[in-house]
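# Topology and contacts: notes
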Amino acid sequence: MKAIRRLTVRPVLPDPLRPLSDLARNLRWSWHPETRDLFQSVDPECWTASGRDPVRLLGTVGPARLAELAEDRRFLRRLTEVADDLDHYMTGERWYQAQPGRLPAAVAYFSPEFGITAALPQYSGGLGILAGDHLKAASDLGVPLVGVGLLYRHGYFRQSLTRDGWQQEHYPVLDPHELPLVLLKETDGTPAHVALALPGGRELRARVWLAQVGRVPLLLLDSDVEENDLGERGVTDRLYGGGSEHRLLQEMLLGIGGVRAVRTYCRLTGHAAPEVFHTNEGHAGFLGLERIAELCDEGSEFGSALEAVRAGTVFTTHTPVPAGIDRFDRELVARHFGPDSELPRIDVERILRLGMETYPGGEPNLFNMAVMGLRLAQRANGVSLLHGGVSRGMFSGLWPGFDADEVPITSVTNGVHAPTWVAPEVFRLGARQIGVQRAEDALAVGGSDRWDSVADIPDQNIWELRRTLREQLVEEVRERLRASWRQRGAGTAELGWIDDVLDPDVLTIGFARRVPSYKRLTLMLRDRDRLMDLLLHPERPIQIVVAGKAHPADDGGKRLVQELVRFADDPRVRHRIVFLPDYGMAMAQKLYPGCDIWLNNPLRPLEACGTSGMKAALNGCLNLSVLDGWWDEWYQPDFGWAIPTADGAGTDPDRRDAIEAAALYDLLEQRITPRFYERGASGLPDRWLEMVRKTLSLLGPKVLAGRMVREYVERLYAPAAEAHRAMDPDSARGLAEWKARVRAAWSGVSVDHVETSAATASAELGTTLGLRVRVRLGDLAPEDVEVQAVSGRVDSEDRITDAAKAPLKPVGGPDLEGRWVYEGPLALDRTGPFGYTVRVLPAHRLLASGVETGLVAVPSGDLAEAAGLLMR
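Structure report, in brief. (Residues numbered from 1 in each chain as written. Predicted model: local features only at pLDDT ≥ 70, side-chain atom pairs only at ≥ 80, totals over all residues. Heavy atoms only, no water.)

### Details of the overall build of the protein
To be explicit about the condition: Secondary structure follows DSSP: runs of H or I at least 4 residues long count as helices, runs of E at least 2 residues long count as strands, and numbering of each begins at the N terminus. Here the globule rule reads 2.2 Å times residues to the power 0.38, and the radius of gyration is calculated from C-alpha atoms. Note on exposure labels: buried denotes an accessible area under 20% of the residue type's maximum, exposed denotes more than 50%, and partly exposed covers the range between, all computed with a 1.4 Å probe on protein chains only. What makes two residues a contact is simply this: any of their non-hydrogen atoms within 4.5 Å. For every accessible area listed, the method is Shrake-Rupley and the probe measures 1.4 Å; residues are considered covered only by the protein chains on display. Here the positive residues are Lys and Arg and the negative ones are Asp and Glu; neither His nor the chain ends is included. To locate a charge, take NZ of a lysine, CZ of an arginine, CG of an aspartate or CD of a glutamate.
A count of helical and extended segments in the protein gives 29 helices and 28 strands. The C-alpha radius of gyration of the protein comes to 29 Å, within 12% of the 29 Å expected for a compact globule of 872 residues. Expressed along its principal axes, the backbone C-alpha trace of the protein runs to roughly 95 × 70 × 50 Å. For the protein, with 872 residues in total, the buried portion stands at 57%. Long-range contacts, defined here as pairs at least 24 residues apart, represent 73% of the contacts in the protein between residues at least 6 apart. When the accessible surface of the protein is split by element, carbon and sulfur atoms take 49% of a total near 35500 Å². Of the side-chain charges in the protein, 102 are positive and 121 negative, and the distance between the mean point of each set is 3 Å.

### Points about the sheet that holds strand β22 (residues 768–776)
Defined as follows: In short, DSSP must find at least two bridges between two strands for them to pair. Whenever a helix is involved, its axis is fitted only over the stretch in contact; in every case the axis is a line through C-alpha atoms, and angles between N-to-C directions fall within 0 to 180 degrees.
Sheet architecture is open: four strands sit in the order β21-β22-β26-β25, paired in antiparallel fashion. Since the sheet does not close on itself, it has two edges, and those belong to β21 (750–756) and β25 (809–811), each with one partner. The average angle at which neighbouring strand axes cross in this sheet is 30°, direction not considered. The pairing of β25 with strand β26 (residues 819–827) spans three bridges and is classified as antiparallel. Bridging across to β26, V811 finds its partner in V821.

### With respect to the packing of aromatic side chains
Put simply, the rule is: By convention, a stacked pair of Phe, Tyr or Trp rings (six-membered ring in the case of Trp) has centres within 6.5 Å and planes under 30 degrees apart, an edge-to-face pair has planes over 60 apart, and any other such pair is tilted. Two conditions define a charge located above a ring, namely a distance within 6 Å from the ring centre to NZ of Lys or CZ of Arg, and an angle within 35 degrees of the ring normal.
By the definition in use, this model includes 19 aromatic pairs. Among the aromatic residues, those joined into a cluster by ring pairs are W463, W641, F676, Y677 and W688. Positioned above the aromatic ring of Y171 is the side chain of R238, whose terminal nitrogen or guanidinium carbon lies 3.5 Å from the ring centre. The lysine or arginine in question, R470, covers the ring of W463, its NZ or CZ lying 5.4 Å from the ring centre.

### Observations concerning the state of the cysteines
In a disulfide, the sulfur atoms of two cysteines are covalently bonded to one another. Just so we agree on the cut-off: Note on disulfides: each one is a pair of cysteine sulfur atoms within 2.5 Å.
Summed over all chains, the structure comprises zero disulfides. Here C595 is not cross-linked by a disulfide; its sulfur's nearest cysteine counterpart is in C621, at 5.7 Å.

### Concerning the packing of helix α7 (residues 126–141) against helix α27 (residues 705–726)
Geometrically, a packed helix pair is captured by the angle between its two axes and the distance between the axes. This is how the line gets drawn: Throughout this description, any angle smaller than 35 degrees is read as roughly parallel, any larger than 145 degrees as roughly antiparallel, any in the 65 to 115 degree range as roughly perpendicular, and the remainder as oblique. Any residue outside Ala, Val, Leu, Ile, Met, Phe, Trp, Tyr, Cys, Pro, Asp, Glu, Lys and Arg is labelled polar, Gly included; the first ten of those are nonpolar and the last four are charged.
Axis separation between α7 and α27 bottoms out at 8 Å; the angle between their running directions is 80°. By the angle between their directions, the pair α7 and α27 is classed as roughly perpendicular. In contact with L130, D133, H134, A137, A138 and L141 of α7, α27 contributes A705, G706, M708, V709, R710, Y712 and Y717. Counted by class, the contact of α7 with α27 contains nine nonpolar, two polar and two charged residues.

### Let's talk about helix α10 (residues 287–297)
Summarising burial for α10: eight of the 11 residues are buried, a large majority. Residues L287, G288, L289, E290, R291, I292, A293 and E294 constitute the buried set of α10.

### Here we look at the side chain of E425
What counts is decided by this rule: Put simply, a salt bridge is a Lys or Arg side-chain nitrogen that is within 4 Å of an Asp or Glu carboxyl oxygen. Two N or O atoms count as a polar contact when they lie within 3.5 Å, although within protein this holds only if one can serve as hydrogen donor and the other as acceptor, and sequence-adjacent residues are included solely when both atoms are side-chain atoms.
Its place among the elements puts E425 in helix α17 (residues 424–434). Buried and unpaired, E425 has R428 as its nearest opposite-charge partner, separated by 4.0 Å. A distance of 2.9 Å separates the side chain of E425 from the side chain of Q472, its partner in a polar contact. Those residues in contact with E425 that sit more than four places away from it in its chain are L465, L469 and Q472.

### A short note on the nonpolar core
Rules: Buried Ala, Val, Leu, Ile, Met, Phe, Trp, Tyr and Cys residues that are joined via side-chain atoms within 4.5 Å together make up what is termed a nonpolar core.
Core analysis: the biggest nonpolar cluster contains 110 residues, and M524, I544, I597, L624, W641, I672 and W688 have the highest contact counts within it. Setting aside residues no more than four positions away along its own chain, L624 makes contact with I597, W598, L599, N600, W641, I643, L664, L667, L668 and I672.

### Looking at the pairing of strand β4 (residues 167–170)
Bridge count between strand β3 (residues 158–161) and β4: four bridges; the pairing is antiparallel. Residue pairing in the sheet places R158 in a bridge with H170 of β4. Adjacent in sequence and paired antiparallel, β3 and β4 are bridged by five residues, among which G165 carries a positive phi angle near 85°.

### Remarks on the sheet that holds strand β17 (residues 577–580)
Here six strands make up an open sheet; going across it, the order is β17-β16-β15-β18-β19-β20 and the pairing parallel. The two strands at the open ends of the sheet, each matched to only one other strand, are β17 and β20 (640–643). When the angles between neighbouring strand axes are averaged without regard to direction, this sheet yields 20°. In terms of strand pairing, strand β19 (residues 622–626) meets β20 through four bridges, oriented parallel. Following the sheet pairing, S625 is matched in β20 by A642. Helix α26 (residues 686–699) rests against β15 (507–512), β18 (597–600), β19 and β20 of the sheet, and its axis sits at about 80° to β19.

### Let's talk about helix α18 (residues 436–444)
Test applied: Here, the arc refers to the directions that run from the helix axis to the C-beta atoms.
Taken together, the buried positions of α18 are A439, L443 and A444. The buried side chains of α18 occupy one side of the element, clustering within an arc of 120° when seen end-on. Those residues of α18 hidden inside the fold are in contact with α7, α16 (418–421), α17 and α27. Looking one or two residues beyond α18, the residue adopting positive phi is G446, at roughly 70°.

### Observations regarding the environment of N381
Among the structural elements, N381 can be located in strand β13 (residues 379–382). Looking at N381, the relative accessible area reads 0%, which means it is buried. Considering only alpha carbons, one finds N381 and A261, 120 residues apart in sequence, at a separation of 26 Å. For N381, the contacting residues outside a window of four places in its chain are V314, F315, T316, T317, I409, T410, S411, V412, Y712 and L716. Side chain to side chain, N381 and T316 meet in a polar contact 2.8 Å long.

Below you can see the structure in the form of structure tokens.
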């Protein structure tokens, strides 16, 4: 019989065990081994059955066992120690509190998904895992972050396979009362709510659930409340589900409702109000509109409110292709804003202008969430050095007249939260070398360029560790494979072969990620005969573990999964290659440490960062990857191998795949497998172990989320907070008026004459030339602009590369025609073809850069030629 109603019955813990409830509700347990060990000791069988989730564990342990533990002095001592450790972690000074200068009082971090732990399944892939690692690292560092997201009642889908290998999706219903969450409540005990106005007089209401991620509160908005109609209740049903309007409502709730949730949380708890708002991808971009509306309610004009909001906003883009950005029809957005809907006090046209693609190459009828994010943020970044460059090119239309490398999008390369992803065995090996506290600090905070102590660990210990991890992976794979085949309809009698799947002494390759076409799941199948030879080699075999989910609407991705599964089902190779369905955090935490090689073969440069290889590296796994994302930035032969790319403009996709697959097979056959299997005088693979050692000691400190968050604090959060404080109402109004005046007058700005003291088209290194420029400023004054000399080497098309910029100074007043003379030195500090030009940019003390306004005046073509701007 089926229950007509479901409710959660919570256990009553004996008084001595009450701290267990606090420990279970703080997700620090997900990266703190001592807390997990404590919960395991409560009831080892229940711990395993609960999926290693403390909240579920406490809901299933019987009263007799709880009474027994309440009298167990040894257990109570351990409980006190762990509870005291959490209290010290929550209240003690950490890295952030020791920094000089006035850092932000708080930072609000918005993301559509958060991957904290498998016990809170609110993530689909890399973006969510990155956001979860960002929160955990911020907690370890003491950064006063407040996370904001949505609570999806079905989370992301669970994946299984049919007998013929076709992906099936399942959407389990999540009960928030059974998750490590608490409701945010008003002082009278009623649930706190936020509400959005919808067209037609309707309303979208949401409760706010709180997940405590160490020191960081994570607010999750949930629209499944009785006050909503059926359609509105389903707004937070699934992550990345539904059509355009459904997605728009999700993103309005995340951005606008999220700001209101933060205000409510700060009011109820006394938490400091955020000075900086960080938008992780465009999905949360509407948060800037809500903050503009707040300032307008306080009496600001729209223009000055926009400047104030931009000053304290950071926008991070993770998308290397326009197709990956949410874009909505103009009319759909217009219908949800204005007098009859949300933000009624702001003119709808002003809202639309923030997101419309009104630039060369854009589609003027589409509202682009990333474009709005960039226009509402004074500071923006990509997530690797290469991706920063890709982003500058992709969004260069927003800054016409500037080279792509000057587009104001920097980069902060992602990192991963080592305490979450490093296997306990790896941590214990490091702790034996340098002590537990130093090992914890090295992984959580980072700060050093190298982990030199790795050099002192004997080869034998590293090799035994790697085999132990491989052996654990083999056991995990067999268990998951058996469960998968039962789901596919196989009987127990058919599955005896699974006992021989994988071998703990064989070179093990991992490949696990989402399955969009650009990640090329099936590139390894390009030449099946060569792959079979590698898998079945009599002396140097390889084995491969593959996992990944295709989006439910992506039949092309599902076909790729089916193709891989069918190959892995072949009785000739099924003991050497496996596909594991339902890839998630719990699987990943076994998979990364157990692999010897982490394979990544996307189409370059479509991988924004790709952090899975970082997690593998922290466990001594070597990377085999296309030079994309973070690997392009940090690859060295010490750490692994680079798959050559065939990304020339004249190479068609099929030929490119053939070339790159052949290069992959060559690397495996000629360089990787021989190195793994060859033995030195000690009987160990000395050269392989040296690469493992280098990966841990030199790459390990780079890939930490602690390093990433420290960079965000120093390079983006601190400057944004400073800009926010400088943008008082008078300053914001002044900047808005100045921008309007400069834009109106810019057509009158021009460069009229350029001359230098150079007599010939060649000069010696170290020479300094005198530069003299006449410019028209129209209705502007010298204090409104900066006149710059831009110089550097020139390429074959006379474009200046690696440009140096130097301001020129005005000399005297304007002449009778209103022209101003600017002068300055031009140092010839580089040999070879050298060129220079001049330009005029708007200048104001509150601009983050001269490029910010997108306005520039340069010499006309005729003037440049007459001035002799090139020296060879």
